[in-house]
Amino acid sequence: MIGDITKNLRRVQKELGFLFIDTDHDSETIKWIIDKVFPRCRKGALIGIHDWAVEEKDGKLIGKGADGVGGWDETNYLIDLIEKGELPLKKLYWTYEDDPTIETGFWLYDPQ
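Within each chain, residue numbers correspond to sequence positions counted from 1 in written order. With pLDDT at 70 or above as the cut-off, local features in this predicted model cover only qualifying residues; side-chain atom pairs require 80 or more to be listed or tallied, and sums for whole chains, interfaces and linings still use all residues. Note: side-chain values were computed over all heavy atoms of the structure, leaving out hydrogens and water.

Regarding the packing of helix H1 (residues 27–36) against helix H2 (residues 73–84)
For any two helices packed against each other, the geometry is given by the interaxial angle and the distance between the axes.
Here comes step 1: Inter-axis angles, ranging from 0 to 180 degrees, are taken between N-to-C directions of lines fitted to C-alpha atoms, where helices are fitted over the stretch in contact. Here a strand is any run of E in DSSP of at least two residues, a helix any run of H or I of at least four, and the numbering for each starts at the N terminus. For the pair H1 and H2, interaxial distance at closest approach is 7 Å and the crossing angle is 45 degrees. Comparing their axes, H2 and H1 come out oblique. Contacts from Ser 27, Ile 30, Lys 31 and Ile 34 of H1 reach H2 at Asp 73, Glu 74, Tyr 77, Leu 78 and Leu 81.
Here comes step 2: Put simply, Ala, Val, Leu, Ile, Met, Phe, Trp, Tyr, Cys and Pro go in the nonpolar bin, Asp, Glu, Lys and Arg in the charged bin, and everything else, Gly too, in the polar bin. Counted by class, the contact of H1 with H2 contains 5 nonpolar, 1 polar and 3 charged residues. Here is the rule for angles: anything less than 35 degrees is roughly parallel, anything more than 145 is roughly antiparallel, 65 through 115 is roughly perpendicular, and the remaining ranges are oblique. Two residues form a contact once any of their heavy atoms are found within 4.5 Å.

What follows is the structure in structure tokens.
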């Protein structure tokens with residue numbers, strides 16, 4: 001726990017095996033994390049995202065927000081990247097699919 005990560009990058013290890021993301025759910029912060037912190041994750045690192053209220057139905061990502069969007073700007077941005085194949089994550093398990101009261105997604109970092 002290092003506080004506002006966007007002001008504390010110097011305190012983030014150079015190589016990460018685990019990253020847990022629990023932001024204020026704005027798109028600016030998640031973009032910053034993807035740009036500045038994801039490159040520090042080693043291949044196969046475990047990535048967890050809190051408040052990931054998303055499930056997959058017929059190959060489509062459905063969020064708990066209105067009209068199936070993610071509900072948070074952060075979630076909508078991540079859904080968009082995942083659907084475009086632009087986020088180097090391999091899905092492990094999303095708790096929301098089995099228990100909608102728990103909202104966490106887990107992936108392995110899998111850059112090319």
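Having put the structure on the table, let's press on.
What about the packing of aromatic side chains?
Here comes step 1: Only rings of Phe, Tyr and Trp enter the pairing, Trp through its six-membered ring, and a pair is recorded when the two centres are within 6.5 Å. The plane angle decides the type: under 30 degrees is stacked, over 60 is edge-to-face, the rest tilted. Considering all chains together, one arrives at 4 aromatic pairs under this definition.
Here comes step 2: Relative to Trp 94, the ring of Trp 52 has its centre 5.4 Å away and its plane inclined at 75 degrees; by these criteria the two rings are edge-to-face. Pair noted here: Trp 52 is in the loop between strand S2 (41–50) and strand S3 (54–57) and Trp 94 is in strand S5 (residues 89–94), with a separation of 42 residues, a long-range link. The residues Trp 52 and Trp 94 share a single accessibility class, namely buried.
Here comes step 3: Relative to Trp 107, the ring of Trp 52 has its centre 5.1 Å away and its plane inclined at 75 degrees; by these criteria the two rings are edge-to-face. One end of the pair, Trp 52, is in the loop between S2 and S3; the other, Trp 107, is in strand S6 (residues 104–109), with 55 residues separating them in the sequence. Of the two residues examined, Trp 52 and Trp 107, each falls in the buried class.
Here comes step 4: Here the aromatic cluster, defined as three or more aromatic residues joined through ring pairs, consists of Trp 52, Trp 94 and Trp 107.
Here comes step 5: Criterion for a charge above a ring: Arg CZ or Lys NZ at most 6 Å from the ring centre, at most 35 degrees from the ring normal. When the ring centre of Trp 94 is taken as origin, the NZ or CZ atom of Lys 91, which lies over that ring, is 4.3 Å away. Accessibility here uses a 1.4 Å probe with only protein chains present; expressed as a share of the type maximum, an area under 20% marks a residue as buried, one over 50% as exposed, and anything in between as partly exposed.

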